[in-house]
Every structure is written in C-alpha cells, then in structure tokens.
Amino acid sequence: MPSFAGSAAEPPLADSYYALLRRYGLDNDDGDDAADTAAAAVQPVVAECELPMIDVGCLTTRGSEEEVAACAAAIARAAEEWGFFQVRNHGVAPELLDAMRREQARLFRLPFEDKCRGGLLNDSYRWGTPTATSPGQLSWSEAFHVPLAGVSSGGSGGCNFGDLTALRDVTREVAGAMSKLAGTLARVLAEAAALPDRRDAAEERFPEGCDETTCFLRLNRYPACPVSPDGAFGLVPHTDSDFLTVLCQDHVGGLQLMKGARWVAVKPIPGALIVNIGDLFQAWSNNRYKSVEHKVMTNATTERYSVAYFLCPSYDSPIGTCQEPSPYRTFTFGEYRSKVQEDVKKTGKKIGLPNFLV
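This structure is a prediction, so every number in the text was calculated from the model and none was measured. (Residues numbered from 1 in each chain as written. Predicted model: local features only at pLDDT ≥ 70, side-chain atom pairs only at ≥ 80, totals over all residues. Heavy atoms only, no water.)

Colleague: Requested: an account of unusual backbone geometry, with residues and values cited.
Modeller: The omega angle of the peptide bond from Glu 324 to Pro 325 is -5 degrees, so this bond is cis rather than trans. Tracing the backbone through its elements, the reader meets Pro 325 in the loop between β13 (304-311) and α11 (333-347). A positive phi angle is found at Asn 89, which is not glycine, with a value near 50 degrees. Along the chain, the position of Asn 89 falls in the loop between β3 (84-88) and α5 (94-108). Of the residues examined, Asn 89 reaches a relative accessible area of 48% and is grouped as partly exposed. (Helix = DSSP H or I, 4+ residues; strand = E, 2+ residues; numbered from the N terminus. Buried < 20%, exposed > 50% of the residue type's maximum accessible area, 1.4 Å probe, protein only.)

What follows is the structure, encoded as structure tokens:
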C-alpha cells in the first residue's frame, strides 16, 4: 500500500481511502488496485463547456425595462435548460474575492487538530465523508460549512474566528454581497415562474423564510489527490438541498455537471460566479427549474479552493409552490434535511425530491 506523508494541516484522507479499500479487500502492496478503483469512479467527460454567461449588471444598477426583461428571460432559460449558469457584473468585487481566497488558504493551513477540535468557526469543520462505506462514496476534501447566523451577529452569539480577524471581516463582506446577489436572482426566477396574477407577490416575498440568519457559506479546499493520476471525487455526485447556490471557484477547475446523460466539465472563467438551482427551487417551480447533479474531481498535483453561498430558508419554512397543483406534497426545509440525512445514513446516498412526490 502506498504511503503518503502529509503536513500537520492535512486531514487523513488517504488513511480513510485505504481503510475503505481494505474493507473490500481491494488493496495490495503496489497500490494498483487503489488507482484502478479511483479511476473507475471517473466517468467519461464529453468536453469542457462554458455555461451560459449572463450579464446581470442591469439588475443591480436598475437598467431599462427592456434590459431587465431580457436578462430575466436569459436567467430563466438557463435555469430550465442547464440548472447552472454564470454571471458577470454581479456586484461582488474581485478584490473581495481575492481577499477571501487568501484568508481561506491561511485558514486551511492551520494544524488539522486545531481545525477539528479548536471550536473554530463554531465547530463547522468537515472533511472526507464519515458515512462512506466504499471508496466511491469518499469526498477528497475539507470544508468549513458556516451558518451565517453566527457570521452576521456580534458579541457572545457570534461565530468564533479565534485570532483570524481578517478572515472574519472578509467572510462577513462576502456573505453580504453574495446574499444580495442570491436574493436578486431568486426573485427574478420566482417572478418568471409565477402565474401572471402572482408575479408581484412572488417578486416581493420570495424566497420566504430566507434571510441572513438562515443561509450558509461553505469554504472548500480540495487537496491534491495522489491516489490516482486520473483523479478521484473531491465531492461525490449530488444535488444541492437549497433554493440557490452561488459559487466562486478558482482557476484549477474540477467542477462537472450532468448535461443530458453525460458529464461535462465546467471551464473556469476569471471574474465570473457560477449559480445553480437547488432542490427546493425545483420543487417550488413544479420542476420547471432543474436541480442538476454535479460533482468535483480532484487534481493529482494541485489543490483547489472554492466558496459557496447556499440560499436556505428556516427549518420550519414550508417550501410551497409557484402554482397548484404541485407534483410534491407540502414539506418544510427541516423535513427535507432530516430525510436526506436519514437516507444517506441508511443507503449511503441522497434520494431527495422523489421522497416528496404526491
């Protein structure tokens, strides 16, 4: 079995990987079976694609009615056809995102023990996949999944950033800017999907139950993965359990999404943010908008960073529908999360929206 010596900052991903291989009797001394298993998880990629690119400047600067209507139509079309799109002139300053990336790198260079047990960012540190029962279920990554209720508040109820004051400040700024963008895009999509007599209400109130205390910011790091030159899962295939996700990824690449029946790789575009539809929006829109399966593939030699903002309602918020009848029964966000966690624990994978069909 190969041995990978890492720094004190690295999570023991290789140990988890080979423990899962041993469980299935797949490991040997030279590591060939490990490489074969990792490669088997990599499905063929058709090509590197460029997602629909939408200039949303008119939404933030109050452009003309014609500009706003054209922009809204492009957003709705991308949500229907791809479930993913990119935005530029989005109002999140590039200098802010650069600062976020620098502070994020400093955060993940902290010793592994400090990240795990130091109470940092209110114990929001995650690594690997605790529920994995096979190598194909392991995510080769680490992350801080931070509830924004703690980031936006001060005093004793605030998030514990320790001595990382620069990280605290930039996280609050990024969260605020991404929150504004996500809310704007969500209201545009809600208005496009609602019936004519409900559009004003949809634009004003949607998404109900979402505010700065209910959403999450996830700081991701995907370490270089030496177990296979062909790559392994940095994040296993999944859909997002929210309304909307706003993602800032670096230049390394690795994000792939399902288009039709094939995986395609998303080409990183400097300065652009990626937006994708989550399960809750698919349910609310009666399947008009698509929550698309996606994954992250690791790089054998280069680490990757990303920041994701998840637009989520409160746990007791009913998801509702843009119009009746809906193919889904009434459910709350709390019910949805609980069922996802239950399914993952029992079966190793998320089932999601099919559980809530009428």
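Colleague: Can you lay out the side chain of Thr 214 for me, pointing to particular residues and giving the numbers?
Modeller: Relative to the helices and strands, Thr 214 is located in the loop between α9 (199-205) and β6 (216-222). A polar contact is formed between the side chain of Thr 214 and the backbone nitrogen of Asp 211, at a distance of 3.0 Å. Leave out the neighbours within four places in its chain, and Thr 214 touches Gly 209, Cys 312, Pro 313 and Ser 314. (Polar contact = N/O pair within 3.5 Å; in protein donor to acceptor, adjacent residues only side chain to side chain. Contact = heavy atoms within 4.5 Å.)

Colleague: Help me get a handle on the pairing of strand β11 (residues 273-277), residues and values and all.
Modeller: Counted residue by residue, β11 has five buried out of five residues, so it is predominantly covered. Going residue by residue along β11, you find Leu 273, Val 275 and Ile 277 tucked away on one face and Ile 274 and Asn 276 tucked away on the opposite face as well. As paired elements, β3 and β11 share four bridges and run antiparallel to each other. Within β11, the residue paired with Val 87 across the bridge is Leu 273. For strand β8 (residues 244-249) and β11, the ladder comprises four bridges, and the chain directions are antiparallel. (Pairing = 2+ DSSP bridges.)

Colleague: Give a detailed account of the packing of aromatic side chains, specifying residues and quantitative values.
Modeller: For the structure on display, the rule yields 14 aromatic pairs. Ring centres of Phe 108 and Tyr 305 lie 6.2 Å apart, and the angle between their planes is 45 degrees; on these two criteria the pair is classed as tilted. Of this pair, Phe 108 sits in helix α5 while Tyr 305 is found in strand β13, placing the two residues 197 residues apart along the sequence. When the ring of Phe 331 is compared with that of Phe 356, the centres are 4.5 Å apart and the planes differ by 35 degrees; the resulting orientation is tilted. Taken together, the residues Phe 331 in the loop between β13 and α11 and Phe 356 in the segment after α11 connect sequence positions 25 residues apart. Phe 356 gets classed as buried once you look at its relative accessible area, which sits at 2%. Ring-pair connections join several aromatic residues into one group, and the members of that group are Phe 108, Phe 112, Tyr 125, Trp 127, Phe 144 and Tyr 305. The ring of Trp 82 has Lys 259 lying over it, and the distance from NZ or CZ to the ring centre is 4.5 Å. One residue, Lys 295, lies across the ring of Trp 263, its end atom 4.2 Å from the ring centre. (Phe/Tyr/Trp six-rings, centres within 6.5 Å; stacked < 30°, edge-to-face > 60°. Lys NZ or Arg CZ within 6 Å of the ring centre and 35° of its normal.)

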